[in-house]
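This is what each chain is made of:
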Amino acid sequence: MENTLAQRLIQLREKNNFSQSFVARQIGVTPALISAYEKLERKPSLEKLIALADIYHVSTDYLLGRTYQDDSSKIINVEHLSDKQIRILRDLIETMKQN
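Asker: Give a description of the environment of Ser35 that names residues and reports values.
Answerer: Positionally, Ser35 belongs in helix α3 (residues 31-38). Classification of Ser35 by relative accessible area gives buried; the value is 14%. Distance from Ser35 to Ala24, taken between C-alpha atoms, is 9.4 Å for residues 11 residues apart in sequence.

Right, here's the structure in full:
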């Protein structure tokens, strides 16, 4: 599982054309720590694992190798939307699926 985490962190960073420095700034660590995650020298804390999943728009399960598909196409950030707006989005998505 650790090897999967390291491989997926590298894959996702390269897929998004992110440098280790950029990722480090986004989650509040040093580039050296990102490198250590990718080399299996260190494991991210739960907080940092969640932050990594957030910047790559994947689930923590995907990072940990518990799922095999990058579900980024299924993730929509609704953090600042009201319940009503979220319902409207769900209805719209369902309508689009039917057409």
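Asker: So what's going on with unusual backbone geometry? Which residues, and what values?
Answerer: Positioned with a positive phi, Asn17 is a non-glycine residue whose angle comes to about 55 degrees. Inspection of the secondary structure puts Asn17 in the loop between α1 (2-15) and α2 (20-27). At Leu40, a position not held by glycine, the phi torsion is positive, near 65 degrees.

Asker: Lay out the side chain of Arg13 with the relevant residues and their values.
Answerer: Note on placement: Arg13 falls in helix α1. Those residues in contact with Arg13, other than ones at most four positions away along the chain, are Phe18, Ser19, Gln20, Val23, Glu38 and Tyr56.

Asker: Summarise the environment of Val23; cite the residues concerned and give the values.
Answerer: Looking at the secondary structure, you find Val23 in helix α2. The class of Val23 is buried, set by a relative accessible area of 1%. In this structure, the C-alpha to C-alpha distance between Val23 and Tyr56, residues 33 residues apart in sequence, is 9.5 Å. Not counting chain neighbours up to four residues away, the residues in contact with Val23 comprise Arg13, Phe18, Ile34, Leu52, Ile55 and Tyr56.

Scoring rules and cut-offs
- Throughout, residues of each chain are indexed from 1 in the direction in which the sequence is written.
- Under the rules for a predicted model, residues below a pLDDT of 70 receive no local features and side-chain atom pairs below 80 are neither given nor counted, while totals for whole chains, interfaces and linings still include all residues.
- Hydrogens are left out, water is left out, and the side-chain values use all remaining heavy atoms of the structure.
- Put simply, DSSP H or I for four residues or longer makes a helix, DSSP E for two residues or longer makes a strand, and each gets a number counted from the N terminus.
- The buried label applies to any residue whose accessible area, calculated with a 1.4 Å probe on protein chains only, is under 20% of its type's maximum; exposed applies above 50%, and partly exposed to all values in between.
- Any two residues whose heavy atoms approach within 4.5 Å are treated as being in contact.

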